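# Observations on chain architecture
Residues per chain are reported as follows:
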2 protein chains.
Amino acid sequence: MARRAVLFDLGGVLFGPGLQPFLGSCERDCALPRNFLWKVMSAGGSNSPYAKVMRGQITLSQLFSEMEEGCRQHATASGVTLPPTFSVAQAFEEMAAKGTVNAPLLQAAKVLRRNGFKTCVLTNNWVDDSAGRLFTATLMNLLHRHFDLVIESCRLGMQKPDPKIYTYALDALQAKPQEVILLDDIGENLKPAQEMGMATVLVRDTETVLKELEELSGIQLLTQQEPLPTACDPTNVTHGYVPIRHGVQLHFVEMGQGPVVCLCHGFPESWLSWRFQIPALVDAGFRVIALEMKGYGESTAPPDIKEYSQEQICKTPSPQGIPQTVLIGHDWGGALVWNMALFYPERVRAVASLNTPYRPADPSVDIVERMKSIPTFDYQFYFQEPGVAEAELEKDIGRTLKALIRSTRQEDRLPVTSEFHRVQERGGLLVGLPENPPASQILHGPELQYYIQRFQKSGFRYGPLNWYRNMRPNWHWALSAKDRKITMPALMVTAGKDKVLHPNMSKGMEEWVSQYSPSPAQPWLCS
Amino acid sequence: MARRAVLFDLGGVLFGPGLQPFLGSCERDCALPRNFLWKVMSAGGSNSPYAKVMRGQITLSQLFSEMEEGCRQHATASGVTLPPTFSVAQAFEEMAAKGTVNAPLLQAAKVLRRNGFKTCVLTNNWVDDSAGRLFTATLMNLLHRHFDLVIESCRLGMQKPDPKIYTYALDALQAKPQEVILLDDIGENLKPAQEMGMATVLVRDTETVLKELEELSGIQLLTQQEPLPTACDPTNVTHGYVPIRHGVQLHFVEMGQGPVVCLCHGFPESWLSWRFQIPALVDAGFRVIALEMKGYGESTAPPDIKEYSQEQICKTPSPQGIPQTVLIGHDWGGALVWNMALFYPERVRAVASLNTPYRPADPSVDIVERMKSIPTFDYQFYFQEPGVAEAELEKDIGRTLKALIRSTRQEDRLPVTSEFHRVQERGGLLVGLPENPPASQILHGPELQYYIQRFQKSGFRYGPLNWYRNMRPNWHWALSAKDRKITMPALMVTAGKDKVLHPNMSKGMEEWVSQYSPSPAQPWLCS
């Protein structure tokens, strides 16, 4: 029977080290005999403070009270003096401050989940009502986001190695023991699982665990190649709708708590383009708002071309009650975030652009003439005449997206490469490309279907293509800021294989960033 | 022609004091001659640094550079020594740190707006790209939320007293000059407005301004009675949808930036019950999430009664990526927040309940017997039998809501008072009440219609009434926490005229709050 679910212990496995070493250092700090604290905590067998807190009969702050009373009694009985600074809470606080998530093991859990395994945290854990409970909340929140299931003993009134909790986990996973792998750092907790027929891994060093887990699961976990990060699933995220004026709203996806990072996608894309970045930014402590840009998907698409000028889009009041955000944009979103940084700097905490460089508008050459002189911008002129490009791109939306959103890897190349120059001469952006290109490595399966649905709803005209149809208004507006500098922290990320927005376009750009300080590791991070 | 729009200046009017006194104290601190800074700032007439920054030709950080250069030149020319600590930015930073919003004037603007006036901020303002720009962002965000329109000179390239900016404002407000009142602290800025036919108020002391504004607008602004705070409008807020498991989502309204405050309404209500609290909490620096509780309105209403037990509702994972929130609940929402504080304390930063007290479950008396002994809980037994109360309450939803959601003021009383005891005996909650009661003072007009629409969608059964149908499961669950204390900051607010949850029910409750410290001003605020 194939393995299809993995149970991970928390303390000493996903998060380490566990409590024991911190009890030990507390004993040393307070000049208590070795194991003094553990003796008090486990005294009373199934009615010990430890057993009670793990079964949720008492909370963590009640454990502290019981322990302090128990320690006083045990100290008196064994002729030991408790120092005035003695505190049980301190051991727990140290664990929170010094412990860390086992990153390779968490990564392995993500890889297993992406490969169809059900992943579950099965932990003897306490109800944390202590002053340090934000640590617990943050850790559990991380686990809830990255595992299918989190089972805590304190919510159930039973704990490992009570066989009932393993049965509970099997029911919750709808799995047979033979389908399950259990990881724990306490041998005693593995025994009942083994007897039921689960495969078990006694956790010592991470590398050995990963090897055993790789063998048991058949999934490569020790690979040198960095796997894709966790992506978010459109059906399992918070969707928001912010009205920007009567009858016009923007759709967004929101996740996390902390300073706001606002993500602005490009053409022809979706908030889902940020699916790998959203959970990573949340893990890093940010509140992420991934916008669906004006005219795209579920955001309103007013018909007037002027609605999509940079000036109009930037003057949108900030989503209600959010004075300032970190702005990150790609492609058209990149142009937008530079304009926000120049025209509405008070609303920008920091700014980052992928691929799209900033360059001040040049009053000496008409923008249309300037753009015409750059062969790879030819497609933008093809996009100008309302009705033309939309007819081509809307004809077969699946084909359009498969043709335009591809990686540059060999296996992803189409028989005829899509070119962004000589588009007008060829009579269309997709002319010469296969009628039914294979799905690309970077957009396929349910994600591709999600993109297709969004463009079926919004089309390409109002919104997507109209962003291109404000060449002169955008230039005139930009001219009024041509002498300004970008004064907030700024990051420019270039992509060597971008055919249109080539890295050489960002050369000299640092001149326009007032806090520019080159560093070999992060050549473009100004803070 | 009746007045119907008011233009408010910002610096020295809505926010004070303006820049001038801070330039003065900077001059004193740096031992510069009086008016030294203003002379430099205004030198050059319409091409002065001041004029340029107000027209958006330069940004605030560019103003600092030009001013520092200008001050050096002027110092040399006039034989003055600039101290090494000299900084123009400092005057602006002081203004941000020491200035305050004119609260009575802002309040007057809100009252005017609620009475149908268009309100507009018309300010000579700069593009703030300085290190202190968060102050500007926060102030402008506040103004955007409380005024219909915000017009800044720096976005338009024109400034007061240029008549063009007044014409622009009239166009934006679609108003004639005779319909408009302008408030400014600079007489010169009033002149063109007067010439056009606007009524003008020269701002000196706030009381005089309010008197003049009251006379000109015909709206009472100097009343002793505190007016209602700003309410949010369902059509003009961000709506979010968070999936809590496959096929089940909660609807919420979200506003603001900062620590999360989550609002939980009661029976039979809506997130809109918090319409007055939401903007106030946002102004106080919080991110507010006002939930529509499970089974209500746009939140999913699964049919199973067990779905509405406190245990089931509390175990809902926190909205994605939000580890901990301040929880505030009313009525059933109050019961919920106490349970969250006891069972999931790590997810609760602080807790507050309106009307619903906490009292640990009593194992010695069956909950049903106990509830039967309290006459005002009779309605809860009427609610038990599926199909009965929903038939009565759904028959005429408008009547139900008008009858149940009323103030206790004399003018709001119905001919027969709704009673919560003897409901079973009378054969229904609404028996004896008028068929078409007048709308109440606390819920009428578009808000009442919004409530009606939500209950037309969700009905009363799955959701609203099912919350009552878990009496014994809720009791059994609560018993497991009967010895716990509420360890986080807690606030209990009682309502003297609540007929069911009377203040005397919260007597002795402080025993269950571990950080209780009575204070005469805030008898129940524990921090």
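Being a predicted model, the structure only gives us computed values, none of them experimental. Position labels on residues start from 1 in each chain and follow its written sequence. As a convention, the first chain written is A and the first ligand written is 1, with the rest following in written order. Local features in this predicted model are restricted to residues whose pLDDT is 70 or higher, and side-chain atom pairs enter the listing and the counts only when it is 80 or higher, whereas totals over whole chains, interfaces and linings include all residues. Only hydrogens and water are removed before side-chain values are computed, so all heavy atoms of the structure are retained for them.

### Brief notes about helix H18 (residues 397-404) of chain A
Residue and element names in this part refer to chain A. Condition: Summary of the burial criterion: residues with accessible area below 20% of their type's maximum are buried, those above 50% are exposed, and those between are partly exposed, where the area comes from a 1.4 Å probe applied to protein chains only. For the purposes of this entry, the term helix denotes a DSSP run of H or I that reaches at least four residues, the term strand denotes a run of E that reaches at least two, and both are numbered from the N terminus. Contact criterion: two residues are considered in contact whenever any of their non-hydrogen atoms come within 4.5 Å of each other.
Of all eight residues making up H18, eight are buried, and the element is well covered by its neighbours. Here H18 has its buried residues at Ile397, Gly398, Arg399, Thr400, Leu401, Lys402, Ala403 and Leu404. Packing partners of the buried residues in H18 comprise helix H17 (388-395) and helix H20 (445-458).

### A word on the pattern of salt bridges
Put simply, the rule reads: The salt bridge definition used is simple: a Lys or Arg side-chain nitrogen within 4 Å of an Asp or Glu carboxyl oxygen.
Scanning the entire structure with this criterion turns up 50 salt bridges over all chains. A salt bridge links arginine 287 of chain B to glutamate 254 of chain A, with the nearest nitrogen and oxygen atoms 3.6 Å apart. Note that arginine 287 of chain B is positioned in strand S11 (residues 287-292) and glutamate 254 of chain A in strand S9 (residues 248-255), a pairing that runs across two chains. Like glutamate 254 of chain A, arginine 287 of chain B is buried.

### Some thoughts on the state of the cysteines
Put plainly, two cysteines are in a disulfide when a covalent bond ties their sulfur atoms together. Residue and element names in this part refer to chain A. The line we're drawing: Cysteine sulfur atoms that come within 2.5 Å of each other are treated as a disulfide pair.
Applying the stated criterion across every chain, the model contains zero disulfides over all chains. Left unpaired, cysteine 232 is separated from the closest cysteine sulfur, that of cysteine 262, by 14 Å. Note on cysteine 264: no disulfide assigned, nearest cysteine sulfur contributed by cysteine 262 at a separation of 4.4 Å. When its relative accessible area of 3% is taken as the criterion, cysteine 264 is described as buried.

### Things to note about the domain arrangement of chain A
Residue and element names in this part refer to chain A. Stated formally: Start and end positions for the domains come from either an automated domain assignment or a database one. Throughout, the accessible surface (probe 1.4 Å) given up by two parts as they are put together, summed over both, is called the buried area.
Segmenting chain A into domains produces domain 1 (5-15 + 99-217), domain 2 (18-97) and domain 3 (234-526). Listed as interface residues are four residues of domain 1 and, on the opposing side, four residues of domain 3. Summed over both partners, the interface of domain 1 with domain 3 comes to about 250 Å²; 46% of that surface belongs to carbon and sulfur atoms. Of all residues in domain 1, Leu142, Arg145 and His146 bury the most surface against domain 3, accounting for 89% of the area lost on that side.

### A look at the sheet that holds strand S1 (residues 5-8) of chain A
Residues and elements named next belong to chain A. Note the threshold: At least two bridges found by DSSP between two strands are what make those strands a pair. Here, axes are lines fitted to C-alpha atoms. For helices the fit covers the stretch in contact, and angles between N-to-C directions go from 0 to 180 degrees.
Here we have five strands laid out as an open sheet, ordered S5-S4-S1-S6-S7, and parallel in their pairing. With one partner strand each, in any of the chains shown, strand S5 (149-152) and strand S7 (199-202) form the two edges of the open sheet. Across the sheet, the mean angle separating the axes of adjacent strands is 20° when strand polarity is ignored. As judged from the four bridges shared by S1 and strand S6 (residues 180-184), these two strands associate in the parallel manner. Bridge pairing in S6 places alanine 5 opposite valine 180. Along the sheet, helix H7 (residues 133-146) makes contact with strand S4 (118-123) and S5, crossing S5 at roughly 135°. Sitting on the sheet, helix H11 (residues 206-217) is in contact with S1, S6 and S7, with an inclination near 170° to S7.

### Focus on the interface of chain A and chain B
Counted only if it meets this: N or O atoms closer than or at 3.5 Å make up a polar contact, with two conditions inside protein: a donor-capable atom paired with an acceptor-capable one, and, for residues adjacent in sequence, both atoms drawn from side chains.
Residue-level contacts link 51 residues of chain A with 52 residues of chain B. When chain A packs against chain B, the two sides together hide about 4300 Å² of surface, and 45% of this comes from carbon and sulfur. Broken down residue by residue, the surface that chain A buries against chain B is led by Arg133, Gln257 and Gln320 of chain A, which jointly contribute 15%. The interface formed by chain A and chain B holds four salt bridges in total. At the surface where chain A touches chain B, the tally comes to 30 residue pairs in polar contact (both at pLDDT 80 or more). Sorting elements by how many residues they give to the side of chain A that touches chain B places H7 of chain A first, with seven residues. As paired elements, strand S8 (residues 238-245) of chain A and strand S8 (residues 238-245) of chain B share three bridges and run antiparallel to each other. Bridge pairing links tyrosine 241 of chain A to histidine 239 of chain B in S8 of chain B.

### Considering the pairing of S5 of chain A
Within a regular strand, side chains alternate between the sheet's two faces. Residues and elements named next belong to chain A. For the record, the criterion: With the strands pointing away from the viewer, any crossover whose connection runs clockwise from the first strand over the helix to the second is right-handed.
One ladder, built from four bridges, connects S4 with S5; its direction is parallel. For valine 121, the partnering residue across the bridge sits in S5 and is valine 150. Handedness of the S4-H7-S5 crossover: right-handed.

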